[in-house]
Amino acid sequence: MSTEKFERGLAPGALLLCRAEPDAVAAVAPLLGERMPLLRAGEGWSVIVPEGGPWRDGGEPVDRVVTGWAAALAVGAPWPVLALWWDADRAGYTLASGFRRPVGYVWLANGTPAGEDEAMRTFAARLGLDPVLDVQSLDRLTRPEPDADRASGPAGAGARARLRGLLAVLARAGITLPAGLDPGEGAERLGATARALPDVRRTETAGRHPAAGPRPTAAGPHPTAEGPRPTADWTRPTAAGGRLAGWMPWTGGPGTRALALAQVVVGLPLTVWGLRRRSGGWTVAGALLVGHGALGVAHGLPGRT
């Protein structure tokens, strides 16, 4: 893909940082509906590396996509999810944690702050950062840089510097990105870099499961922890040959169906709440949970294979 349209700024990209071990993240990542590289990102952290399909092929803004993904993961798991994102004009982050309203901050391409100072303090509190030293460092990221409009250098350098500054603070919370996963790089390059790193695994989409052998569960690691399995070793259940096949959840025993019912129960009020507040991220998260859970219930009925 040509990068000519991004000459004035950064090519769109994102990183999803989860405060959990890779095994735990792999268990809920099928909610996102895409296969993506997953790696450890420090003590008690993991990173999912989106490869850009929704905003490259579907035209959706990268911040909207990853905010919905972060919310979906955070609602379905007991740990927070931090989405770092950037495009030609802006860069920023969104932190999703349980049923709380996501909090985020934005910088323009030249590094000019375009968010609310209070959002940074809320962000620090939810991650348990030091209320003095870390908050002081974060506050500096909300102040305009002198002569930002006249700064020389590549387009988007200011926004990239802000993201690096944010990660420097988060390093004290245990985050260490794998080598080569540098905020500001395009999604395609990040994906290629991530796939070449040792210990990488691929998240699964709902409906993918091994043709033979044990199937993945939320309580244990996925059987492809060593790396992606050859395509010939996988089968997909179908839903009358329709496009819903990619969303069909893993089949299994009563525990799988109970999980699907729980997703519907949680997703319905979340969707209604998001619609009432006109919150796109929460609406997407609720819809993902309802759709995934409803198909899980249907797929578990007798007579389905």
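Refer to the structure above for everything that follows.
Parameters and conventions
- Residues numbered from 1 in each chain as written.
- Predicted model: local features only at pLDDT ≥ 70, side-chain atom pairs only at ≥ 80, totals over all residues.
- Heavy atoms only, no water.
- Helix = DSSP H or I, 4+ residues; strand = E, 2+ residues; numbered from the N terminus.
- Buried < 20%, exposed > 50% of the residue type's maximum accessible area, 1.4 Å probe, protein only.
- Contact = heavy atoms within 4.5 Å.
- Areas by Shrake-Rupley, 256 points an atom, 1.4 Å probe, with all protein chains shown as cover.
- Pairing = 2+ DSSP bridges.
- Phe/Tyr/Trp six-rings, centres within 6.5 Å; stacked < 30°, edge-to-face > 60°.
- Axes fitted to C-alpha atoms, helices over the stretch in contact; angles between N-to-C directions.
- Left-handed = near helix turned anticlockwise from the far one by under 90°.
- Nonpolar A, V, L, I, M, F, W, Y, C, P; charged D, E, K, R; others polar.
- Salt bridge = Lys/Arg side-chain N within 4 Å of Asp/Glu carboxyl O.
- Polar contact = N/O pair within 3.5 Å; in protein donor to acceptor, adjacent residues only side chain to side chain.
- Arc of directions from axis to C-beta.
- Core = buried A, V, L, I, M, F, W, Y, C linked by side-chain atoms within 4.5 Å.

A. Spotlight on the overall build of the protein chain. Looking only at helices and strands, the protein chain features nine helices and nine strands. Counting only residues that meet the buried cut, the protein chain has 51% of its 305 residues in that class. Taking the intrachain contacts of the protein chain between residues at least 6 apart in sequence as the baseline, contacts between residues at least 24 apart amount to 64%. In the form shown here, the protein chain has an accessible surface area of approximately 14,500 Å², with 55% of it arising from carbon and sulfur atoms.

B. The pairing of strand β4 (residues 81–86), seen in detail. Judged by how many residues are buried, β4 sits mostly within the fold: six of six residues are covered. The pairing of strand β1 (residues 13–18) with β4 spans six bridges and is antiparallel. Residue cysteine 18 lies in a different strand from β4, and its bridge partner there is valine 81. Counting the residues that bridge the hairpin from β4 to strand β5 (residues 90–96) gives three residues.

C. Just the packing of aromatic side chains, in detail. Throughout the structure, instances matching the rule amount to four aromatic pairs. Both rings, one in tryptophan 55 and one in tryptophan 69, keep their centres 6.4 Å apart while their planes meet at 55°; by these two values the pair is tilted. Here the residue tryptophan 55 occupies a position in helix α2 (residues 53–57), and tryptophan 69 occupies one in helix α3 (residues 62–75), the gap between them amounting to 14 residues. Plain terms: the ring middles of tyrosine 105 and tryptophan 107 are 5.1 Å apart, the flat faces sit at 55° to each other, and that makes the pair tilted. Pair check on accessibility: tyrosine 105 and tryptophan 107 agree, each one buried.

D. Geometry of the pairing of strand β6 (residues 103–108). As judged from the six bridges shared by β5 and β6, these two strands associate in the antiparallel manner. Among the inter-strand pairings, tyrosine 93 is bridged to a residue of β6, identified as tyrosine 105.

E. Quick look at the packing of helix α4 (residues 117–127) against helix α5 (residues 133–140). Relative orientation of the contacting elements α4 and α5 amounts to 145°, with a least axis distance of 10 Å. As for the relative orientation of α4 and α5, their crossing is right-handed in sense. Facing Met120, Arg121, Phe123 and Ala124 of α4, the residues of α5 in contact are Val135, Leu138 and Asp139. Classifying every residue of the contact of α4 with α5 gives five nonpolar, no polar and two charged.

F. Main features of the pattern of salt bridges. A full pass over the atoms with the stated rule returns 13 salt bridges. Here arginine 160 and glutamate 185 are joined by a salt bridge, their closest N and O atoms 3.7 Å apart. You can see arginine 160 sitting in helix α6 (residues 157–170) and its partner glutamate 185 sitting in the loop between α6 and α7 (187–195), a full 25 residues away along the chain. Comparing arginine 160 with glutamate 185 shows no difference in burial state: the two are buried. Put simply, glutamate 185 and arginine 189 hold a salt bridge, and the shortest N to O gap is 3.0 Å.

G. Highlighting the side chain of threonine 142. Mapped onto the elements, threonine 142 comes out in the loop between α5 and α6. You can call threonine 142 buried: its relative accessible area is 12%. Among the polar contacts made by the side chain of threonine 142, one reaches the main-chain carbonyl oxygen of aspartate 139 at a distance of 2.6 Å.

H. Up close: α7. For α7, the set of buried residues is Ala187, Leu190, Gly191 and Ala194. The arc that holds every buried residue of α7, seen down its axis, measures 100°, which confines them to one face. As for α7, its buried residues are in contact with β1, β2 (37–40), α2 and β4.

I. Structural detail: unusual backbone geometry. If you check the backbone angles, aspartate 199 has positive phi at about 70° while not being a glycine. The topology assignment puts aspartate 199 in the loop between α7 and β7 (201–202). Overall, aspartate 199 belongs to the exposed group, its relative accessible area being 76%.

J. Spotlight on the environment of glutamate 60. For glutamate 60, the position within the fold is in the loop between α2 and α3. Glutamate 60 gets classed as partly exposed once you look at its relative accessible area, which sits at 37%. When residues no more than four places from it in sequence are discounted, the contact partners of glutamate 60 are Pro54, Trp55 and Val65.

K. Representation of the side chain of arginine 201 within the structure. Mapped onto the elements, arginine 201 comes out in strand β7. Take arginine 201: its relative accessible area is 9%, and that puts it in the buried class.

L. The nonpolar core, seen in detail. Residues Leu17, Val47, Tyr93, Phe123, Leu138 and Leu170 are the most contacted members of the largest nonpolar core, which totals 39 residues. Secondary structure elements with two or more residues in this core: β1, β4, β5, β6, α4, α5, α6 and α7. Top contributing element to this core by residue count: α6, with six residues. Residue contacts for tyrosine 93: discarding those within four places in its chain leaves Leu82, Ala83, Leu84, Trp85, Val103, Gly104, Tyr105, Trp107, Ala119, Met120, Phe123 and Leu166.

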